[in-house]
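# Fold and contact review
The lines below spell out each chain.
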Amino acid sequence: MKRAVGGDNFGLGHTTSSLALLSGYGAKVLRLGDPGKHDTEKIRMPKAVAFFKDINVSTVFVIGVIMIVAILFAEDSVVVKQLGDSNMAPMMWGFVQALRFAGGIAILLYGVRMFLAEIVPAFRGISQKLLPGSRPALDIPTVFPKAPTAVMIGFLASISVFLICMGIFAAAGWFALVPPMIMLFFGGGAGGVFGNATAGWRGAVFGGALNGLILALGQWIGWGFYSSTAPELATLADPDWYAVGWLFLGCGKAFGHLGSGGLWALGVVTLIITAAVLLLINKKTKAPAGDVEQKVADK
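Remember, it's a predicted structure, so these values are computed and weren't measured experimentally.

Conventions and cut-offs
Residues numbered from 1 in each chain as written. Predicted model: local features only at pLDDT ≥ 70, side-chain atom pairs only at ≥ 80, totals over all residues. Heavy atoms only, no water. UniProt positions renumbered as here; feature names shortened; annotations may be inferred. Helix = DSSP H or I, 4+ residues; strand = E, 2+ residues; numbered from the N terminus. Patch = residues over 30% accessible without salt bridge, like charges linked within 9 Å, V, L, I, M, F, W, Y side chains within 5 Å. Areas by Shrake-Rupley, 256 points an atom, 1.4 Å probe, with all protein chains shown as cover. Salt bridge = Lys/Arg side-chain N within 4 Å of Asp/Glu carboxyl O. Buried < 20%, exposed > 50% of the residue type's maximum accessible area, 1.4 Å probe, protein only. Contact = heavy atoms within 4.5 Å. Axes fitted to C-alpha atoms, helices over the stretch in contact; angles between N-to-C directions. Parallel < 35°, antiparallel > 145°, perpendicular 65-115°, else oblique. Left-handed = near helix turned anticlockwise from the far one by under 90°. Nonpolar A, V, L, I, M, F, W, Y, C, P; charged D, E, K, R; others polar. Polar contact = N/O pair within 3.5 Å; in protein donor to acceptor, adjacent residues only side chain to side chain.

### Topic: the UniProt feature "transmembrane region" (unreviewed entry) in the chain
Cross-referencing UniProt, the feature "transmembrane region" (unreviewed entry) maps to residues 55-74, 94-116, 150-175, 181-201, 208-226 and 263-281 in the present numbering. Across residues 55-74 one finds 95% helix and 0% strand; the C-alpha atoms that close the span lie 28 Å apart. Taken as a whole, residues 94-116 contains 100% helix and 0% strand, while its terminal C-alpha atoms sit 33 Å from one another.

### Digging into a nonpolar patch on the surface
Together, Ile164, Ile168, Trp174, Leu213, Leu217, Trp220, Ile221, Phe225 and Leu249 make up a nonpolar patch on the protein surface, roughly 810 Å² of accessible area in all. Elements supplying a minimum of two residues to the nonpolar patch: helix 6 (148-172) and helix 7 (181-226). If you tally residues by element for the nonpolar patch, the top one is helix 7, at 5 residues. If you trace the backbone, Leu213 turns up in helix 7. The class for Leu213 is partly exposed, based on a relative accessible area of 35%.

### Considerations on the environment of Gly24
Looking at where Gly24 falls in the secondary structure, it is placed in helix 2 (residues 17-29). Sequence-distant contacts of Gly24, that is, excluding residues within four places in its chain, are made with Phe194, Gly195 and Thr198.

### Here we look at the pattern of salt bridges
Following the criterion strictly, the structure yields 1 salt bridge and no others. The closest approach of N and O atoms between Arg135 and Asp8, which form a salt bridge, is 3.5 Å. Of this pair, Arg135 sits in the loop between helix 5 (90-129) and strand 2 (137-138) while Asp8 sits in the loop between helix 1 (2-5) and strand 1 (11-12); the two residues are 127 residues apart in sequence, bridging distant segments of the chain.

### Observations regarding the packing of helix 5 against helix 7
It is at 13 Å that the axes of helix 5 and helix 7 come closest, and there the two elements cross at 40 degrees. Between helix 5 and helix 7, the crossing angle belongs to the class labelled oblique. Handedness of the helix 5/helix 7 crossing: right-handed. Residues Phe101, Ile105 and Leu108 of helix 5 form the contact with helix 7, whose own contacting residues are Ile182, Phe185 and Phe186. When the residues that make up the contact of helix 5 with helix 7 are grouped by side-chain class, the tally is 6 nonpolar, no polar and no charged.

### Description of the environment of Thr149
Mapped onto the elements, Thr149 comes out in helix 6. In this structure Thr149 comes out as buried when scored by relative accessible area, which is 10%. Put simply, Thr149 and Ser228 are 79 residues apart on the chain and 40 Å apart in space, counted from C-alpha to C-alpha. When neighbours within four sequence positions are excluded, Thr149 is seen to be in contact with Thr40, Glu41 and Lys53. Looking at Thr149, its side chain comes within polar contact range of the side chain of Glu41, at 3.2 Å.

Here is the structure:
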């Protein structure tokens, strides 16, 4: 978070946490680029297309193209059903949907700035009394204002990879992938921001592409796990839905033969692992007493 947003006032509390880790550390390990030299926010574009750096304009353009292409290839009955009571021409209706999507994103991002200005100080007052040193864990859009260009690059890479996978799967007859636009946008944006933090624009592309690939493969594999119970866990999922969901399924099979005792055993193991992780984090972040006293004296 320090690299992604430039501070540690808040943490990430969203179901794209596994993607954020894989994007940031993956781009760093692969040495895809220099975060300072290749920073997305330093990209210079020709004046004729410079307006595309604005996330709202880019969102309208990308979603508009997707909607229009979808309308061109969809059956007339499907288009009529989607239009409903609207009297607009199909193409205009698709463009208006793109404007609505971008408008919703704009409201969300402006709201995020207001939210950060209010919730972080409020939480700090609570944490000082109850949980000294703790931080609030906030939703993924809170990292978007730091690198809006990285958000758009990640989204473009995410949806491009997913659509490529959708074409490959359809041609091979494997599975009918359904593009989850919200997850592709937010997950792709998250991958773009965290990838950019460690490797610049190349990292942003890597993070977005990784999100598209995870959502495609996760939907394909996950459908067999959830189709008889909760198929939305496969088709409308963030990366953590697969990571955590499949982990629980695996644990359930491992401990299921033990009956009710297996559930208790799973709970105990989970508590032990959680306690061990918290102790490890506390040990790494706890400052020596001398350092704390010196900081207080400096203030």
